[in-house]
Amino acid sequence: VQLQASGGGLVEPGGSLRLSCAASGGTLRTYTVAWFRQSPGKEREFVAVIRRGDGSSGYADSVKGRFTISKENAKNTVYLQMNSLKPEDTAVYYCAAGSMVWSASQNDEMYYYWGQGTLVTVSS
C-alpha cells in the first residue's frame, strides 16, 4: 500500500487546514489509519486515529475538540480536518496504516505503511 499525504501549508493562528491521505495499491478501509506529526527537535507524536470497520476515532489531548479524522471509502482516502490551529501545531504530518489492537493504535511502531509527510506551518 502506498500512502500520499497532502494538504499542508502556511496558515495563520486560528485558521484551518484539511490534510488528505490517499492510498493506492490497497484498500484503506481494511486498515486502521492514523496521523502522526513531528516538529524539529522533537519525537514523532500521535495525533489522531480512525479504526477499520466501525470507524471509531481517537485523538491526542492536545488536538481534541479542534481536529477531526474521517474517511471516505469511495475515494480510498482519510482526512484530518484541523481547526483553530496554533503555532504549536507546526510540524510535518504523516499518515500511516496498519492492523493492531485498538489499545495499541497510538503507537507508531504498530504501523507498517507510511506516507511521505506534509508540512503544516502555523504562523502570523
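Residues numbered from 1 in each chain as written. Predicted model: local features only at pLDDT ≥ 70, side-chain atom pairs only at ≥ 80, totals over all residues. Heavy atoms only, no water.

S.K.: Looking at this structure, how should I read the overall build of the chain?
M.R.: Along the backbone of the chain there are zero helices and eleven strands. Its C-alpha atoms give the chain a radius of gyration of 13 Å, within 12% of the compact-globule value 14 Å for 124 residues. The principal-axis extent of the C-alpha atoms belonging to the chain is close to 40 × 25 × 25 Å. With 124 residues in all, the chain has 44% of them scored as buried. (Helix = DSSP H or I, 4+ residues; strand = E, 2+ residues; numbered from the N terminus. Rg over C-alpha atoms; globule rule 2.2 N^0.38 Å. Buried < 20%, exposed > 50% of the residue type's maximum accessible area, 1.4 Å probe, protein only.)

S.K.: Looking at this model, I keep getting lost on the nonpolar core. Mind explaining?
M.R.: In a soluble, globular protein the nonpolar side chains are often hidden away together inside. If you look at the biggest cluster of nonpolar residues, it comprises 37 residues, and the most contacted ones within it are Trp 35, Leu 80, Met 82 and Tyr 93. Of all the secondary-structure elements, those providing two or more residues to this core are β1 (2–6), β3 (17–24), β4 (32–38), β5 (45–50), β7 (67–72), β8 (77–82), β9 (91–98) and β11 (118–122). Those residues within four positions of Tyr 93 in sequence are excluded, and the remaining contacts are Leu 19, Trp 35, Phe 36, Arg 37, Val 47, Phe 67, Leu 80, Met 82, Gly 117, Thr 118 and Val 120. (Core = buried A, V, L, I, M, F, W, Y, C linked by side-chain atoms within 4.5 Å. Contact = heavy atoms within 4.5 Å.)

S.K.: When you look at the sheet that holds β7 in this model, what are you seeing that I'm missing?
M.R.: Pairing between the strands of a sheet comes from backbone hydrogen bonds, and it takes one of two forms, parallel or antiparallel. Overall, antiparallel pairing links the four strands, which are arranged β1-β3-β8-β7 in an open sheet. Pairing within the sheet leaves two strands with one partner each, and these edge strands are β1 and β7. Shown here is a sheet whose adjacent strand axes are inclined to one another by a mean of 15 degrees, direction ignored. With five bridges connecting them, β1 and β3 associate as antiparallel partners. When the bridges of β3 are listed, Gln 2 appears paired with Ser 24. (Pairing = 2+ DSSP bridges. Axes fitted to C-alpha atoms, helices over the stretch in contact; angles between N-to-C directions.)

S.K.: What is the right way to look at the state of the cysteines in this model?
M.R.: Linking two cysteines covalently through their sulfur atoms gives a disulfide. For the structure shown, the criterion picks out one disulfide. Shown here is the disulfide that connects Cys 21 with Cys 95, its sulfur atoms set 2.2 Å apart. Residues Cys 21 and Cys 95 are joined through a disulfide that is right-handed, its torsion about the S-S bond being 75 degrees. Pair noted here: Cys 21 is in strand β3 and Cys 95 is in strand β9, with a separation of 74 residues, a long-range link. (Disulfide = S-S within 2.5 Å.)

S.K.: Could you clarify how one ought to interpret the pattern of salt bridges in this entry?
M.R.: Between side chains of opposite charge, a pair can form when the charged atoms approach closely. Under the criterion given, the structure shown has six salt bridges. For Asp 108, the salt bridge is made with Arg 44, and the minimal N-O distance between the two is 3.2 Å. On the criterion of sequence distance, the pair formed by Asp 108 in the loop between β9 and β10 (113–114) and Arg 44 in the loop between β4 and β5 is long-range, its members being 64 residues apart. A relative accessible area of 34% means that Arg 44 is categorised as partly exposed. Where Lys 64 meets Asp 61, a salt bridge forms, and the shortest distance between an N and an O atom there is 3.2 Å. Under the relative-accessibility criterion, Asp 61 is labelled exposed at 65%. One salt-bridge network, held together by shared partners, links Arg 37, Glu 45, Arg 66 and Asp 89. (Salt bridge = Lys/Arg side-chain N within 4 Å of Asp/Glu carboxyl O.)

S.K.: Which parts of the structure should I look at to understand the pairing of β4?
M.R.: Regular strands place their side chains on alternate faces of the sheet. Within β4, six of the seven residues are buried, which leaves the element mostly enclosed by the surrounding structure. Both β4 and β9 contribute to a ladder of seven bridges, which runs antiparallel. Counterpart to Phe 36 in the pairing with β9 is Tyr 94. Strand direction decides the pairing type here: β4 and β5, joined by five bridges, are antiparallel. Of the residues in β5, the one forming a bridge with Val 33 is Ile 50. Here β4 hands over to β5 after six residues, with Gly 41 in that stretch at a positive phi of 80 degrees.

Any functional reading would require information beyond the geometric quantities listed.
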